[in-house]
Amino acid sequence: MFKRFFVFGWVLFGCAFSPLGSSEVIPAGGGRVQHVVIVWLKDHGSPAARQQYIENSRRLGKLPMVLHYRVGTVLTGDRAVVDSSYDVGVVATFENDQALRDYLAHPEHRKVIDESLKPLVDKAVVYDFKESN
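Residues numbered from 1 in each chain as written. Predicted model: local features only at pLDDT ≥ 70, side-chain atom pairs only at ≥ 80, totals over all residues. Heavy atoms only, no water.

A. Structural view of the pairing of strand E3 (residues 88-94). With respect to burial, E3 is a largely interior element, seven of its seven residues being buried. Neither face of E3 is exposed, since Val88, Val90, Ala92 and Phe94 on one face and Gly89, Val91 and Thr93 on the opposite face are all buried. Two elements, strand E1 (residues 33-41) and E3, share seven bridges in a ladder whose sense is antiparallel. Paired with Val36 across the strands is Val91, a residue of E3. (Buried < 20%, exposed > 50% of the residue type's maximum accessible area, 1.4 Å probe, protein only. Helix = DSSP H or I, 4+ residues; strand = E, 2+ residues; numbered from the N terminus. Pairing = 2+ DSSP bridges.)

Shown next as structure tokens:
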């Protein structure tokens, strides 16, 4: 549990302060939603399995309610707070929580998850949070 907290914290830190993170100003009222998915694959550590997940996953970033979609592989580190045990991470940004709900209910989302991603996945952890002003 403690380790997951730090993974989540470092993912949030990376999204907010890395060059890949969003540098745009949150509109008055804020409320954008970040959907963070951390994935352990059945074929753990396999570059081919990671690439297959990434390619299949990118289809989700094209859904109309997604503002930003980032997917990539684990970046190993030697800091004690870094959890490098997973294979792939995804961060998707939505205008609000309703847009996230629409995304999760979208038929293409269900299709990609059920047909293309679930068969590759051993375990996934999801963190959803609303940005604050």
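On we go.
B. View of the packing of aromatic side chains. Inspection of the entire model under this criterion finds two aromatic pairs. The interplanar angle of 75 degrees and the centroid separation of 6.3 Å between the aromatic rings of Trp40 and Tyr86 together place this pair among those described as edge-to-face. You can see Trp40 sitting in strand E1 and its partner Tyr86 sitting in the loop between strand E2 (66-73) and E3, a full 46 residues away along the chain. Judged on exposure class, the residue Trp40 and its partner Tyr86 are both buried. Positioned over the ring face of Trp40 is Lys123, at 4.4 Å from the centre of the ring. (Phe/Tyr/Trp six-rings, centres within 6.5 Å; stacked < 30°, edge-to-face > 60°. Lys NZ or Arg CZ within 6 Å of the ring centre and 35° of its normal.)

C. Examining the sheet that holds E2 more closely. Taking strand neighbours across the sheet as the criterion, the four strands line up as E2-E3-E1-E4 in an open arrangement whose pairing is antiparallel. The open sheet has two edge strands with one neighbour each: E2 and strand E4 (121-130). Pairwise comparison of adjacent strand axes, ignoring direction, gives a mean angle of 15 degrees for this sheet. Here helix H3 (residues 97-105) sits on the sheet in contact with E1, E2, E3 and E4, set at roughly 40 degrees to E1. (Axes fitted to C-alpha atoms, helices over the stretch in contact; angles between N-to-C directions. Contact = heavy atoms within 4.5 Å.)

D. Summary view of the packing of helix H2 (residues 47-57) against helix H4 (residues 107-117). The N-to-C vectors of H2 and H4 enclose an angle of 160 degrees; their axes lie 10 Å apart at closest approach. Classified by the interaxial angle, the pair formed by H2 and H4 is roughly antiparallel. At the point where H2 passes H4, the crossing takes the right-handed sense. Packed against H2, whose contacting residues are Tyr53, Asn56 and Ser57, the element H4 presents Val112, Ser116 and Leu117 at the interface. (Parallel < 35°, antiparallel > 145°, perpendicular 65-115°, else oblique. Left-handed = near helix turned anticlockwise from the far one by under 90°.)

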